[in-house]
Amino acid sequence: MARVVVTGGCGFLGSHLVEELVRRGDEVTVFDSGSPPPDRTPSPAVRHVTGDIRDAARLVEVVRDGVDTVYHLAAVVGVDRYLDRPLDVIDINLFGTRNVLELAAKAGAKVVVASTSEVFGKNPAVPWREDDDRVLGSTAVDRWSYSSSKALGEHLAFAFARERGLRAAVLRYFNVYGPRQRPAFVVSRSVHRALNGQPPVVYDGGGQTRCFTYVQDAVDATITVGTDDRAVGECFNVGSSAETTVTRLSALVTELTGAGIGVPVDTRDRLGSRYQDLRRRVPDTTKIGSLLGWRATTDLRDGLARTIGWARRNPWWLALPETGVQPERGR
Ligand SMILES: NC(=O)c1ccc[n+]([C@@H]2O[C@H](COP(=O)([O-])OP(=O)(O)OC[C@H]3O[C@@H](n4cnc5c(N)ncnc54)[C@H](O)[C@@H]3O)[C@@H](O)[C@H]2O)c1
């Protein structure tokens, strides 16, 4: 049994992580500014503390002596939110992450920092290894504020490791999908639209590729990193190795839901220069495979079938307004 803290534990990835930690027998404290998803079964092993990670006085009530591991997932996530709330994106990733790391260092707790494939930016040389270059655009493009602030969070973690002896590891997730994800991302939104009788969204012709990673695989990687001392001081890509076009994804969603056909939507028309889409985003996962023995095992068809099955059983999710960048907006 370990005593763990999950910042962002009410979110998509965090809520699945909390459930898995409880199954393992850990004692979990969730620190989140929001509330748990409606379909999560309350557990006596989980304590909820509502707060903002930028508020160190509140966070210290949770990240303190006796905590073994902090899984730091709290962040502002999603293109719609980086465009609408760029200050929060930067503030939370920088000052919030600094608070988490500082308090964990004082408490002697290990920290697993959730980072993102976005740190690689638009480096065209895929697959990306952890030590590959970051290739970014102009600061006039809001998209890069998320990438840059997450990368600074990584730098902070390694700086705390060097100067304060913090035991930290960084995970860069690649396009995680599954039950509970806000309908603002390509998979969740396509499923949401299809089950609500609307065609899935296909951006920029749909030829771009992603490596869609089922949430349970991402959770397994996170706990592997959080519990294996060989991970300390390291950064790992966490993603599926199967590269899939958005067109193929749409076809699968259409087939598995029995819905209609896709309608091409151009994100460039919609977002202008504030956002730039990537043609390919592919992880090299050799490092986490060879060092820790993790690899993604859920095939996209299986993961989608589970996500669609869950969505059909959860009308509250189907009734959520479609968020993210609206295909109908800006035309
Ligand atoms: N889902 C993905 O595909 C993906 C990909 C790359 C990286 N990540 C990273 O994984 C982490 C979790 O992402 P997610 O998809 O679960 O997002 P999410 O938006 O579902 O969850 C984030 C959670 O953090 C909480 N939060 C936000 N600001 C906070 C603050 N200031 N203080 C306390 N809590 C706060 C939110 O209430 C939410 O519950 C994030 O750090 C994200 O950057 C996710």
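Rules and cut-offs
Residues numbered from 1 in each chain as written. Predicted model: local features only at pLDDT ≥ 70, side-chain atom pairs only at ≥ 80, totals over all residues. Helix = DSSP H or I, 4+ residues; strand = E, 2+ residues; numbered from the N terminus. Rg over C-alpha atoms; globule rule 2.2 N^0.38 Å. Contact = placed C-beta atoms within 7 Å. Pairing = 2+ DSSP bridges. Axes fitted to C-alpha atoms, helices over the stretch in contact; angles between N-to-C directions. Near = placed C-beta within 6 Å. Nonpolar A, V, L, I, M, F, W, Y, C, P; charged D, E, K, R; others polar. pLDDT = per-residue confidence, 0-100. Domains from an automatic or database assignment. Buried ≥ 20, exposed ≤ 12 C-beta atoms within 10 Å, placed from the backbone. Right-handed = clockwise from strand over helix to strand, strands pointing away. Left-handed = near helix turned anticlockwise from the far one by under 90°.

Draft legend 1. Region of interest: the overall build of the chain. Scanning the chain from terminus to terminus reveals 12 helices and 13 strands. Taken over C-alpha atoms, the radius of gyration comes to 19 Å for the chain, in line with the 20 Å a tight globule of 331 residues would show. When the backbone C-alpha atoms are referred to their principal axes, the chain occupies close to 55 × 45 × 40 Å. Restricting to contacts in the chain with at least 6 residues of sequence separation, those with at least 24 account for 79%.

Draft legend 2. Structural context of the sheet that holds strand β1 (residues 3–7). The strand order across the open sheet formed by seven strands is β3-β2-β1-β4-β5-β6-β11, and the pairing between neighbours is parallel. Either end of the sheet is taken by a strand with one partner, and the two such strands are β3 (46–50) and β11 (235–238). Strand-to-strand twist in this sheet, taken as the mean axis angle between neighbours without regard to direction, amounts to 20°. Here strand β5 (residues 110–116) runs beside strand β6 (residues 168–173); their pairing, made up of six bridges, is parallel. When the bridges of β6 are listed, A114 appears paired with L171. Sheet contacts for helix α5 (residues 143–164): β5, β6 and β11; angle to β5, the most-contacted strand, approximately 155°. Where helix α7 (residues 215–227) meets the sheet, its contacts fall on β4 (69–72), β5, β6 and β11, and the angle it forms with β6 comes to roughly 165°.

Draft legend 3. View of the site of the ligand. As a matter of local geometry, the ligand sits amid 25 residues, with G8, G11, L13, G34 and A75 nearest to it. Mapped onto the shell around the ligand, the elements with two or more residues apiece are α1 (12–24), α4 (86–107) and β5. A total of three residues in the shell around the ligand trace back to one element, the largest contributor, which is α1. The residue makeup of the shell around the ligand, split by class, is 13 nonpolar, nine polar and three charged.

Draft legend 4. Structural detail: the confidence of the model for the chain. On average, residues of the chain score 93 in pLDDT, and 93% of them reach the 70 mark or higher. Of the regions scoring below 50 in pLDDT, residues 327–331 engages in six contacts with residues more than four places distant in sequence or in other chains.

Draft legend 5. Representation of the domain arrangement of the chain in the model. Assigned domains of the chain: these are domain 1 (3–174 + 213–238) and domain 2 (177–211 + 241–282 + 298–318). Each of domain 1 and domain 2 has a C-alpha centre, and these two points are 24 Å apart. Taken together, the 24 residues of domain 1 in the interface contact 20 residues of domain 2. Counting only elements with at least two residues in the side of domain 1 that touches domain 2, the list comes to α1, α3 (79–84), β10 (213–214) and α7. Here the side of domain 1 that touches domain 2 is built from residues that sort into 12 nonpolar, six polar and six charged.

Draft legend 6. Representation of the pairing of β5. Burial runs high along β5: seven of the seven residues are buried. Here β5 shows a buried face lined by K110, V112, A114 and T116 and a second buried face lined by V111, V113 and S115. Relative to β5, β4 is paired through four bridges, and the arrangement is parallel. Within the sheet, the bridge partner assigned to V70 lies in β5 and is V111. After leaving β5, the chain enters α5 and then returns to the sheet as β6, a path that is right-handed.

Draft legend 7. Spotlight on the packing of helix α6 (residues 186–195) against helix α8 (residues 246–257). Closest axis-to-axis distance for the α6/α8 pair is 10 Å, and the angle between their directions is 35°. When the axes of α6 and α8 are compared, the crossing they make is right-handed. Note on element contacts: α8 touches α6 through V246, L249, S250, V253, T254 and T257, opposite V186, V187, S190, V191, A194 and L195. Residue classes in the contact of α6 with α8 are distributed as eight nonpolar, four polar and no charged.

Draft legend 8. Here's a closer look at unusual backbone geometry. Note the cis peptide between V126 and P127, where omega equals -5°. Looking at the element boundaries, P127 is found in the loop between β5 and α5. Backbone geometry places N175, a non-glycine residue, at a positive phi of 35°. Note on placement: N175 falls in the loop between β6 and β7 (176–177). Not every positive phi belongs to a glycine, and R180 is a case in point at roughly 80°.

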